[in-house]
Amino acid sequence: MAGLKDNLLELIRRTSAEMPDDVNRVLIDALKAEEQRTTAEFALKTIHANIELAKKKSQPICQDTGSILFYVHGPVGGDQLTFEEAAREAVAEATKRGFLRQNSVDSLTGKNSGTNLGPGTPVFHFTQARDAAGLDVRLILKGGGCENVGVQYSLPDSRIGADRDLKGCRRAILDAVLQAQGKGCGPGVLGVCIGGDRATSYAFSKEQLLRTLDDHNPSPELDALEHEIVATANQLGIGPMGFGGRTTLLGCKIGVVNRLPASYFVSVSYMCWAFRRRGVVLSADGGRIEKWLY
Amino acid sequence: MMLMELQTPISEDVIRSLHVGDLVEITGIVHTGRDAVHKFLHDGGSLPVDMRGGVLYHCGPVMVKEDGQWVCKAAGPTTSIREEPYQAEVIQKLGLRVVIGKGGMGDKTSAGCKEFGCVYLHAVGGAAQVLAECIKKVRGVSMLEEFGSPEAVWELEVEKFPCVVTMDSHGGSLHKEVLALSKEALAKLL
Ligand code: SF4
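Only a predicted model underlies this, so the values are computations on that prediction, with no experimental measurement involved.

About the thresholds
- Residues numbered from 1 in each chain as written.
- Chains lettered and ligands numbered in written order.
- Predicted model: local features only at pLDDT ≥ 70, side-chain atom pairs only at ≥ 80, totals over all residues.
- Heavy atoms only, no water.
- Axes fitted to C-alpha atoms, helices over the stretch in contact; angles between N-to-C directions.
- Helix = DSSP H or I, 4+ residues; strand = E, 2+ residues; numbered from the N terminus.
- Left-handed = near helix turned anticlockwise from the far one by under 90°.
- Contact = heavy atoms within 4.5 Å.
- Nonpolar A, V, L, I, M, F, W, Y, C, P; charged D, E, K, R; others polar.
- Buried < 20%, exposed > 50% of the residue type's maximum accessible area, 1.4 Å probe, protein only.
- Arc of directions from axis to C-beta.
- Buried area = accessible area lost by both parts, 1.4 Å probe.
- Salt bridge = Lys/Arg side-chain N within 4 Å of Asp/Glu carboxyl O.
- Polar contact = N/O pair within 3.5 Å; in protein donor to acceptor, adjacent residues only side chain to side chain.
- Domains from an automatic or database assignment.
- Pairing = 2+ DSSP bridges.
- Core = buried A, V, L, I, M, F, W, Y, C linked by side-chain atoms within 4.5 Å.
- Phe/Tyr/Trp six-rings, centres within 6.5 Å; stacked < 30°, edge-to-face > 60°.
- Lys NZ or Arg CZ within 6 Å of the ring centre and 35° of its normal.

Next up on the list: the packing of helix α6 (residues 166-180) of chain A against helix α8 (residues 220-233) of chain A. Residue and element names in this part refer to chain A. Running from N to C, α6 and α8 cross one another at 35°; their axes reach a closest spacing of 11 Å. Seen along the crossing, α6 lies across α8 with a hand that is right-handed. Contacts from Leu166, Arg170, Ile173, Leu174 and Val177 of α6 reach α8 at Glu221, Leu222, Leu225, Glu228, Ile229, Thr232 and Ala233. When grouped by side-chain class, the residues that make up the contact of α6 with α8 number eight nonpolar, one polar and three charged.

So, about helix α2 (residues 35-42) of chain B. Residues and elements named next belong to chain B. Within α2, burial applies to Val37, His38 and Leu41. Down the axis of α2, the buried side of the element spans an arc of 95°, and every buried residue falls inside it. Structurally, α2 contributes buried residues whose contacts are with β3 (55-57), α3 (84-94), α6 (144-147) and β9 (153-167).

Contact residues are listed per partner, giving 34 residues for chain A and 33 residues for chain B. Summing the contributions of chain A and of chain B, the shared interface buries around 3,000 Å²; its carbon and sulfur component is 67%. Broken down residue by residue, the surface that chain A buries against chain B is led by A:Phe42, A:Gln63 and A:Phe243, which jointly contribute 21%. On the surface where chain A and chain B come into contact, there are one salt bridge. For A:Lys57, the salt bridge is made with B:Glu133, and the minimal N-O distance between the two is 3.0 Å. Counting the contacts that link chain A with chain B gives 12 residue pairs in polar contact (both at pLDDT 80 or more). Elements with a minimum of two residues in the side of chain A that touches chain B: α3 (39-57) and α6 of chain A. Residue contributions to the side of chain A that touches chain B peak at 10 residues, all from α3(A).

Moving on, we get to unusual backbone geometry. The omega angle of the peptide bond from A:Thr121 to A:Pro122 is -10°, so this bond is cis rather than trans. When you line up the elements, A:Pro122 lands in the loop between α4 (80-96) and β2 (123-129). The amide bond that connects B:Thr8 to the next residue, B:Pro9, takes the cis arrangement and shows omega of -10°. As for its position among the elements, B:Pro9 is in the loop between β1 (3-7) and α1 (12-16). Positive phi is not limited to glycine here, since A:Asn116 has a value of about 70°. Residue placement: A:Asn116 occurs in the loop between α4 and β2.

Residues and elements named next belong to chain A. Segmentation of chain A into domains returns domain 1 (2-15 + 61-143 + 276-293) and domain 2 (145-271). For domain 1 versus domain 2, the separation of C-alpha centres amounts to 26 Å. Taken together, the 10 residues of domain 1 in the interface contact 13 residues of domain 2. Taken over both partners, the interface formed by domain 1 and domain 2 buries close to 940 Å², and the fraction arising from carbon and sulfur atoms is 63%. Contact with domain 2 buries surface across domain 1, with Tyr71, Lys142 and Arg277 losing the most and accounting together for 56% of the total. Between the two partners, domain 1 and domain 2, sit one salt bridge.

Turning to the pairing of β9(B), a few remarks are in order. Residue and element names in this part refer to chain B. Burial analysis of β9 places 12 of its 15 residues in the buried class, the great majority of the element. One ladder, built from eight bridges, connects strand β2 (residues 23-32) with β9; its direction is antiparallel. In the strand pairing of β9, isoleucine 26 is matched with phenylalanine 161. Note: strand β7 (residues 119-122) against β9, three bridges, orientation antiparallel. Its bridge partner being in β9, leucine 121 is matched across the sheet by valine 165. With six bridges joining them, strand β8 (residues 135-142) and β9 adopt antiparallel strand pairing. The residue bridging valine 141 from the neighbouring strand is tryptophan 154, located in β9.

As a further point, take the nonpolar core. In this structure, B:Ile26, B:Ile100 and B:Phe161 are the most contacted members of the largest nonpolar core, which totals 101 residues. Split by domain, the residues of this core number at least three in each of domain 1 (2-15 + 61-143 + 276-293) and domain 2 (145-271) of chain A. Dropping the residues within four chain positions of it, B:Ile26 is found in contact with B:Leu6, B:Thr8, B:Val55, B:Val98, B:Ile100, B:Leu121, B:Val158, B:Glu159, B:Lys160 and B:Phe161. A:Leu9, A:Phe99, A:Leu100 and A:Leu139 belong to the second largest nonpolar core, which has 23 residues in total.

So, on to the packing of aromatic side chains. The tally for this structure, following the rule as stated, stands at eight aromatic pairs over all chains. Ring geometry for B:Phe40 and B:Phe147: centres 5.5 Å apart, planes at 75°, overall edge-to-face. On the criterion of sequence distance, the pair formed by B:Phe40 in helix α2 and B:Phe147 in helix α6 is long-range, its members being 107 residues apart. Geometrically, the ring pair formed by B:Tyr57 and B:Phe161 is edge-to-face, given 5.3 Å between the ring centres and 75° between the ring planes. With B:Tyr57 in strand β3 and B:Phe161 in strand β9, this residue pair connects regions lying 104 residues apart in the sequence. When its relative accessible area of 2% is taken as the criterion, B:Phe161 is described as buried. Directly above the aromatic system of A:Phe275 lies the positively charged group of A:Arg277, at a separation of 4.6 Å from the ring centroid.

And the structure:
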């Protein structure tokens, strides 16, 4: 338990202070693509300098350390309650040490718990598999600015001329990009879910953010759509921070789940450039680090 | 894109010479102020600091006390549009020349900038560490008891604090321009 807590604390520290490589690589390409001596180039250069500095100082990349989302995948019979207890301790400790900002507020009284602990925070998603060898723990820190520009469409949507087909989904996703401009600290990454009910659709759209930016969607149709969305968004001229420029999106990841005949949701979760996602594989008891992910 | 070095206090002439898209670096004194301060001023309150010719920064910094001295650990901009109902009035009341934030503001603030000779500067959102490095000293704080640390008015000494002019004192707004152009571009690509 003590080993598990310490390992989770290190996972939180890394997630808050060090960007994942796959995102860093795309940001470097983005900087090369922008015209020199423009505000877009200035924004991306500042972003790069910030990433370097945060890593060097072991301090949060952005002061909004966001919602704390744990995704835990382990063997059948794993003890979820013990994991949750250790994770809560690690979160409180990380908050005390300044890896996390005090970010859990009572929605009625406005009082900040000061520890990041409270009803609904942090968030846990558990899955199991019969053949899982160790405990795969992934963590996403998702800031409030970008969370606020997430949006859910119910198709058909006559405002944007979107029908219940992939073309309609494309319209919805691109509308989300247009509406998010200047907010949510772009260039960003979209996690999208087609289908589900209102709650599962949003949850699944966030899970898409666990995918690396350079992976491929197993569905060729969706893979093509993901690439096309990024290419099209980057022709809109919105640019980093909405200053204008060539880099509006760094990636788009789309998943599908079944829906009811009566419903057709397209849910878009927007992740800011400060894409904090890290993972670790632990021994089944959580005490030993097997390897780091991302 | 032009790079302008601004030294506080800033004159109206200097502000009027700035245009949307210019890059500026501020050296001197900056005060933070966000939701609570704007509402407080709107309700008739007054602050124990003189900000004439000065800079208001929409920011809730992370401050810690080290050896009896406040030190700034992170200081990125917060979303400005929440202050839209109050901003023009606050610009006039405090005699501000610069407002810094992120995400841009609306028509009312734009009109206020034009009338009173003020600009809106956009700092790079999320760049908490780079911006904190530009803060050389925390000179003081007011309203700490009343509003709590993130909402208090912190007086910061900054050096070459980098921003982009996204709303100037001539009615120009980069946010409006980019929105119109991107809407047009998307219509063609749909
Ligand atoms: S949207 Fe992201 S980068 Fe911007 S302030 Fe929030 S967490 Fe930071």
